[in-house]
Amino acid sequence: MVLLANLADLQIANFSYYSTKSNNNRIEIIPIPPSRGMIYDRNGTPLAINNTTYQLNIVPDKIKNLNEQFAALKTIVDLTDEDIENFQKERRSYKAHRPVPLKDNLTEKEIARFVVDQHRFPFVSISGTLHRYYPYGASLTHIIGYVSKINSQDKQRLEEEGKTSDYVGTANIGKMGIERFYEDLLHGFPGYEEVEVNSRGRIVRQINKHSPQAGEDIYLSLNLKLQLYIEKLLAGRKAAVVALDPNNGEVLALVSSPSYDPNPFVGGISSAKYNQLLNDPDKPLFNRVLLGTYPPASTVKPYISVAALSEGVITPKSVVYDPGWWQLPGTDRRYRDWLRWGHGRVDVLKAIEESVDTYFYQVAYDMGIDRLSQWMNKFGYGKRSGIDISPNEEARGVMPTREWKKQRHKRSWLQGDTIPVGIGQGYWTATPIQMVKALTILINNGKSYTPRFLLYKKSDILNSTSSPMPKPQIEESSLVNVNPAFWQIAKEGMHRVLFGVHGTARRVFADATYQAAGKSGTSQVYGLKQDEVYNVHKVPEHLRDHALFVAFAPYDKPIIALAIVLENGGGGSSNGGAMARKILDYYFLGDDSTDLPDANQTIGHED
């Protein structure tokens, strides 16, 4: 009677309750992570792909002595102490009785050895997984970035954004660059499968399946051949080069040298290798194009000319006499020109062509820091460019103002502080991306395009009968109201820099078969005393001047704009100009024969 009563209680009265518990013991919901979207260049060359790799998984709750199991596995696979340490961290985020990854990227030999001895490890298994791979390694890291394992900060952010459920079963997330900025597009949405498992946790059969939604494939504006060519030119240098299409803001190339291979970060880079990168004196982890801040030097003289002309501080016919120095009124403080014997009588065109410092000292004195900073803000200095990379990966630089100095240095602005700003020195610092954006504003007579990498998504092609190319993002700017004649003066001066009789870069571009315009700059790393003479051979390498150059071509209808920074590279017109010539020759002619200075060579201190 007792047995019958209990049987009735189990099978009839509480059937639903015990049936549910039984199913929960044998039926599991397993998330299926989505396939991450691929990344291509403008011509369809894959830049970030998914490879199938195999990982060793273990169900820790089913094993009495994990250390013994690890020791046994070490005889079969190359299981390191770091693998075990990572496993111990990972298992905390997994549900009980679920397999936890122990080792990634198993080799064919390791898989074969394990299969032979699999009977010894009932709660260990091998599974295939999609592994992000970057075929061009270090060449694109500062653009593409990389994915890596989801950490506690990522989890907190996902929870705050209400996206936790989208990452169930996903191990990696975009950490840097395009991978991070377009994470929502690339990631996709997970699916799940309902399976029956046995007492060992192994899947017996599939009951139901809901397929995941793959992430979007995206196409970037990047010209891969140009990117790789520039990288080759910069080998052995600490440098930054960025190239834009001035007609829409599309980024054609962005190279920060040196760089690093992102692939070890995908599965989790070792502490030793990461510290090696972190402590490298050449700073390969540092994106010089977006985070490097340098005095923009004489590259800003065309923009200051436009500002001064617009403010009526100078006219196209204004002439000053340059004896080789300029003296601050009411003081004995002299500011030298790069040409010690001076340039004689100088108007605005000659001042740009020959990069006459004294002319712009006077302009800065007459304009004052308030008007100078306001105008240069309009050219994008002192604020982020808006490029489609995380704001945390882009510096603002410094466009100094009275308020900035008061807050930063607790001192008032002095009249002498304004003078070096006129030649892009002093407190003024800028990133290469700001330099090239300012150049495109000049090219377009005040119209400003936001730099961008994304051309289109694959779904745009499938869902559109017309071109999938999005419209350029145009920023509002009062510069469009500037007199067109003033823009032309600045551009003509830059053309003379390359092709004028006394242009600072005329020797580099003397035999060019296309017309271009540019401006050199030599950015001082440390200040010289009033009577001190710069001697490149006596200055330690890390204190040598930076070589800067901005250029665009063709002159009449530009399709490429460049900004170049060669750290401790010497003269802007010789070294920076030679680099610009080499890049433009390749872009227009497919020619890579132009001679360049050696990576460790510096040529003079001229502008």
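Structure first, text after, so check above.
These numbers come from a predicted model, not from an experiment.

Draft legend 1. Region of the structure containing the overall build of the protein. Looking only at helices and strands, the protein features 22 helices and 22 strands. Overall, the C-alpha framework of the protein stretches about 120 × 55 × 50 Å when taken along its three principal axes. Each of the 607 residues in the protein was classed as buried or not, and the buried ones make up 50%. Long-range pairs, those at least 24 residues apart, make up 73% of the contacts in the protein between residues at least 6 apart in sequence. Of the roughly 28,600 Å² that the protein leaves accessible, carbon and sulfur atoms contribute 50%. Side-chain charges in the protein split into 70 positive and 67 negative, and the spacing between the mean points of these groups amounts to 2 Å.

Draft legend 2. Seen up close, the packing of aromatic side chains. Counted under the stated rule, the structure contains 25 aromatic pairs. When the ring of Tyr381 is compared with that of Trp428, the centres are 5.2 Å apart and the planes differ by 90°; the resulting orientation is edge-to-face. Here Tyr381 is found in the loop between helix 15 (357-378) and helix 16 (402-409), whereas its partner Trp428 is found in the loop between helix 17 (415-421) and helix 18 (432-443), with 47 residues between them in sequence. You'll find Tyr381 and Trp428 in the same group, each marked buried. Taking the centre distance of 6.5 Å and the plane angle of 15° together, the rings of Phe509 and Phe549 count as stacked. Within this pair, whereas Phe509 is found in helix 21 (residues 506-509), its partner Phe549 is found in strand 21 (residues 546-553), the two being separated by 40 residues in sequence. Exposure class is identical for Phe509 and Phe549. Each is buried.

Draft legend 3. Examining the pattern of salt bridges more closely. For the structure shown, the criterion picks out 27 salt bridges. Note that Lys437 is salt-bridged to Glu475, the shortest N-O span being 2.8 Å. Of this pair, Lys437 sits in helix 18 while Glu475 sits in strand 19 (residues 474-475); the two residues are 38 residues apart in sequence, bridging distant segments of the chain. When the shortest N-O distance is used, the salt bridge between Lys457 and Asp460 registers 3.4 Å. On the basis of relative accessible area, Asp460 is assigned to the partly exposed category, the value being 24%. Taken together, the salt bridges that share partners define one network made up of Asp154, Arg157, Glu161, Lys163, Lys175 and Asp184.

Draft legend 4. Expanded view of the nonpolar core. Of all hydrophobic cores here, the largest spans 122 residues; its most connected members are Met376, Phe379 and Tyr381. At 10 residues, helix 15 tops the list of elements feeding residues into this core. When sequence neighbours within four positions are dropped, the list of residues in contact with Met376 reads Tyr303, Ile304, Ala307, Tyr381, Met399 and Trp428. Core analysis: the second largest hydrophobic core is formed by 20 residues, Leu56, Ile58, Leu73 and Phe114 among them.

Draft legend 5. Just the sheet that holds strand 9 (residues 203-210), in detail. Read across the open sheet, the 3 strands follow the order 1-8-9; overall the sheet is antiparallel. Pairing within the sheet leaves two strands with one partner each, and these edge strands are strand 1 (27-32) and strand 9. Neighbour to neighbour, the strand axes of the sheet diverge by 30° on average, direction disregarded.

Draft legend 6. Spotlight on a nonpolar patch on the surface. Taken together, Met1, Leu4 and Leu7 make up a surface patch of nonpolar side chains, about 400 Å² in accessible area. Within the secondary structure, Leu4 sits in helix 1 (residues 2-13). Leu4 gets classed as exposed once you look at its relative accessible area, which sits at 57%.

Draft legend 7. Summary view of the sheet that holds strand 11 (residues 239-244). Overall, antiparallel pairing links the 5 strands, which are arranged 12-11-22-21-20 in an open sheet. The sheet is open, and its two edges are formed by strand 12 (251-257) and strand 20 (517-523), each paired on a single side. Across this sheet, the average inter-strand angle for adjacent strands is 5°, counted without regard to direction. Of the pairings in the sheet, the one linking strand 11 to strand 12 comprises 6 bridges and is antiparallel in character. Among the inter-strand pairings, Ala243 is bridged to a residue of strand 12, identified as Ala253. In this fold helix 10 (residues 224-233) packs onto strand 11, strand 12 and strand 22 (560-566), with an angle of close to 25° to the strand it touches most, strand 12.

Each value, and the rule that gives it
Residues numbered from 1 in each chain as written. Predicted model: local features only at pLDDT ≥ 70, side-chain atom pairs only at ≥ 80, totals over all residues. Heavy atoms only, no water. Helix = DSSP H or I, 4+ residues; strand = E, 2+ residues; numbered from the N terminus. Buried < 20%, exposed > 50% of the residue type's maximum accessible area, 1.4 Å probe, protein only. Contact = heavy atoms within 4.5 Å. Areas by Shrake-Rupley, 256 points an atom, 1.4 Å probe, with all protein chains shown as cover. Lys, Arg positive; Asp, Glu negative; His and termini not counted. Charge placed at Lys NZ, Arg CZ, Asp CG, Glu CD. Phe/Tyr/Trp six-rings, centres within 6.5 Å; stacked < 30°, edge-to-face > 60°. Salt bridge = Lys/Arg side-chain N within 4 Å of Asp/Glu carboxyl O. Core = buried A, V, L, I, M, F, W, Y, C linked by side-chain atoms within 4.5 Å. Pairing = 2+ DSSP bridges. Axes fitted to C-alpha atoms, helices over the stretch in contact; angles between N-to-C directions. Patch = residues over 30% accessible without salt bridge, like charges linked within 9 Å, V, L, I, M, F, W, Y side chains within 5 Å.

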